Amino acid sequence: MKYSCEIIKDLIPLYTDEVCSAESRSAVEAHFAECPSCRGLYEKMKSDDITPVLESDAAEAVAYHEKRVRRRGFTVGAVIAAIFMIPILVCLIVDLASGSGLSWFFIVLASLLLAASVIIVPLMVPKHKLLISLTASAASLIILLGVIALYSGSDWFFMVASCVLFGSALVFLPIVVNCEPIKTALRGRKSLAVFFCDTVLFCIMAVCIGLYVEHPGYGATMAAISAPFISLAWALMLIIRYVRSGAAKTGICLIISGAFIFSVNNAVNSLLGYDIPWPVLRPFDWSYAAIDGNIKWVCLLACLSVGGILIVINAFSKGRKK
Ligand SMILES: [Zn+2]
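Residues numbered from 1 in each chain as written. Predicted model: local features only at pLDDT ≥ 70, side-chain atom pairs only at ≥ 80, totals over all residues. Heavy atoms only, no water.

*Asks:* Give me the lowdown on the overall build of the protein, citing residues and values where you can.
*Replies:* If you tally the helices and strands in the protein, you get 12 helices and 0 strands. Reading the helices (α) and strands (β) of the protein from amino to carboxyl end gives α-α-α-α-α-α-α-α-α-α-α-α. By the compact-globule yardstick of 20 Å for 322 residues, the protein is too spread out, its C-alpha radius of gyration being 35 Å. When its C-alpha atoms are laid out on the principal axes, the protein stretches across 105 × 80 × 30 Å. For the protein, buried positions account for 28% of its 322 residues. Put simply, of all contacts in the protein between residues at least 6 apart along the chain, 58% involve residues at least 24 apart. Just so you have it, the protein exposes about 20800 Å², and 71% of that area is on carbon and sulfur atoms. Placing the 26 positive and 22 negative side-chain charges of the protein at their respective mean positions leaves the two points 7 Å apart. (Helix = DSSP H or I, 4+ residues; strand = E, 2+ residues; numbered from the N terminus. Rg over C-alpha atoms; globule rule 2.2 N^0.38 Å. Buried < 20%, exposed > 50% of the residue type's maximum accessible area, 1.4 Å probe, protein only. Contact = heavy atoms within 4.5 Å. Areas by Shrake-Rupley, 256 points an atom, 1.4 Å probe, with all protein chains shown as cover. Lys, Arg positive; Asp, Glu negative; His and termini not counted. Charge placed at Lys NZ, Arg CZ, Asp CG, Glu CD.)

Following this line, the structure appears as structure tokens:
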């Protein structure tokens, strides 16, 4: 053996941490080949790795801080909830003292419920904060409307509630489907789910408005006006979602939009049983009577040509790639 065990033992920590020179490294390895005792010492030192200890310490620290932040959020939420109780109690006493029993008190209560759903709920729920807060605020908004409708003896509750639900769904459903656990459950079907819910809520809203206005012929008019627009929205969503190439989907969307602008007035009218003339192009006449037809033709021609060019470009670039 070229070096004594004592010298090699001094080098083993440096060798284990891979910080010794190439010369020391080969000396240690040469010694290991002949000396089982030093090799055993090295194996032992290697297995006494401190990485797992550090990792578990780090995880413990993170868990501790998470718990602290959660507890602090809960405390702040509880304090705000207690502050909310002050106006509720004051209103309760005043409403009772006025001698007419509880009346507008419930409006105050429902309004504060709505405020609490956006301030206190996010602080106090441990998981799925955004999803639960959005659901809570939508529910408390509906409750507030219900209470006001009951208090004022009105019959508009279902109409207003369905409109509020549809409007909030348009804005918030895209956020809701990106919240866990809904995101995982829907996987690749998020846009389909959002459109399906929006369509169902729209139909419910249309029915509720119809029941409220009680206008003869309302159903047919509503259906004739809504159907083309809902179809356009679905068509554009399906193309944007499922056509792969960017140029192709832009081209197809442009062509569909151009055709829609050109024909929607005739489509709605024919669904309603009226027969109106198709738009006419009069390029040298921009008077009031001709301008509508001219604009529709310009839109149609512009969308068809730009859309067509994009589709041709897409086809060519695909061919070249092949
Ligand atoms: Zn040795």
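*Asks:* Any details on the domain arrangement of the protein? Residues and values, ideally.
*Replies:* On domain assignment, one finds that the protein holds domain 1 (1-49) and domain 2 (215-322). Using C-alpha coordinates to define each centre, domain 1 is positioned 78 Å away from domain 2. (Domains from an automatic or database assignment.)

*Asks:* Tell me about the confidence of the model for the protein, and name the residues and values.
*Replies:* Model confidence for the protein is summarised by a mean pLDDT of 88, while 99% of its residues fall at 70 or above. Per-element mean pLDDT across the protein ranges from 84 in helix H8 (residues 182-186) up to 93 in helix H9 (residues 190-213). (pLDDT = per-residue confidence, 0-100.)

*Asks:* How would you summarise the state of the cysteines if you had to cite specific residues and measurements?
*Replies:* Under the definition given, this model contains 0 disulfides. Here Cys20 is not disulfide-linked; the sulfur of Cys38 is the nearest cysteine sulfur, at 14 Å. Residue Cys20 is classed as buried on the basis of its relative accessible area of 16%. Cys203 supplies the cysteine sulfur nearest to Cys197, a cysteine that is in no disulfide, at a spacing of 12 Å. You can call Cys197 partly exposed: its relative accessible area is 35%. (Disulfide = S-S within 2.5 Å.)

*Asks:* Residues and numbers for the coordination of the zinc ion, please.
*Replies:* For a metal bound by four donors in tetrahedral geometry, the ideal donor-metal-donor angle is 109.5 degrees, whereas six donors in octahedral geometry ideally sit at 90 or 180 degrees. Here the zinc ion is held by Cys5 (SG), His31 (NE2), Cys35 (SG) and Cys38 (SG), and the distances to it run 2.1 to 2.3 Å. Around the zinc ion sit 4 donor atoms, and with donor-metal-donor angles ranging over 97 to 115° the site reads as tetrahedral. Look at where the donors of the zinc ion fall in the sequence and you get C-x25-H-x3-C-x2-C. Placement of the pair is Cys5 in helix H1 (residues 5-16) and Cys35 in the loop between helix H2 (22-34) and helix H3 (36-47), with a sequence separation of 30 residues. Residue Cys5 is classed as partly exposed on the basis of its relative accessible area, which comes to 28%. On the basis of relative accessible area, Cys35 is assigned to the buried category, the value being 7%. (Donors = N, O, S within 2.8 Å, 3.2 Å for Na, K, Ca; no water. Tetrahedral: all angles 85-135°; square planar, octahedral: opposite > 155°, others 65-115°.)

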